[in-house]
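One letter stands for each residue in the lines below.
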Amino acid sequence: MISITEWQKIGVGVTGFGIFFILFGTLLYFDSVLLAFGNRHKLKGTSFFLGGVVIVLLRWPLLGMFLEIYGFFSLFKGFFPVAFSFLGNVYNIPFLSESNDSWLPQLFRRLHGTSSMV
């Protein structure tokens, strides 16, 4: 008879929970109602991005890449001020702020916008 330790039982239980939540998350990720609700106001960016992928697959790579770039910026335009706001605080990192004439903190301070997502 095979003896199973308590640690093995806990491992099987945690693995079962992990598999369940991965499958449940995948099910919710591909739910058509949630996809439509989340993408309804980003239809233009999504269509340009996916259209660019199709154009690349039809062997027009330069045009397709430009369409994908436009779609990418159109989809994530609300995230860029948040990212630049975070990167604007990079001059507080000791390694990067050793000299006040460093170009990196000045660049991020210039790119830092006043708009936010909220």
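Residues numbered from 1 in each chain as written. Predicted model: local features only at pLDDT ≥ 70, side-chain atom pairs only at ≥ 80, totals over all residues. Heavy atoms only, no water.

Participant: Tell me what's going on with the UniProt feature "transmembrane region" (unreviewed entry) in the chain, and back it up with residues and numbers.
Facilitator: Within this structure's numbering, the places UniProt gives as "transmembrane region" (unreviewed entry) are residues 12-37, 49-73 and 79-97. Helix makes up 92% of residues 12-37 and strand 0%, whereas the separation of the span's terminal C-alpha atoms amounts to 36 Å. Spanning residues 49-73, this segment combines 88% helix with 0% strand, and its end C-alpha atoms are found 9 Å apart. (UniProt positions renumbered as here; feature names shortened; annotations may be inferred. Helix = DSSP H or I, 4+ residues; strand = E, 2+ residues; numbered from the N terminus.)

Participant: Describe a nonpolar patch on the surface, naming the residues involved and giving the relevant values.
Facilitator: Residues Phe49, Leu50, Val53, Leu57, Leu62, Phe66, Ile69, Phe72, Phe73, Phe76, Phe79 and Val82 make up a contiguous nonpolar surface patch of about 1,100 Å² in total accessible area. Counting only elements with at least two residues in the nonpolar patch, the list comes to helix H3 (43-57) and helix H4 (61-75). Note on placement: Val53 falls in helix H3. By relative accessible area, which is 30% here, Val53 ends up partly exposed. (Patch = residues over 30% accessible without salt bridge, like charges linked within 9 Å, V, L, I, M, F, W, Y side chains within 5 Å. Areas by Shrake-Rupley, 256 points an atom, 1.4 Å probe, with all protein chains shown as cover. Salt bridge = Lys/Arg side-chain N within 4 Å of Asp/Glu carboxyl O. Buried < 20%, exposed > 50% of the residue type's maximum accessible area, 1.4 Å probe, protein only.)

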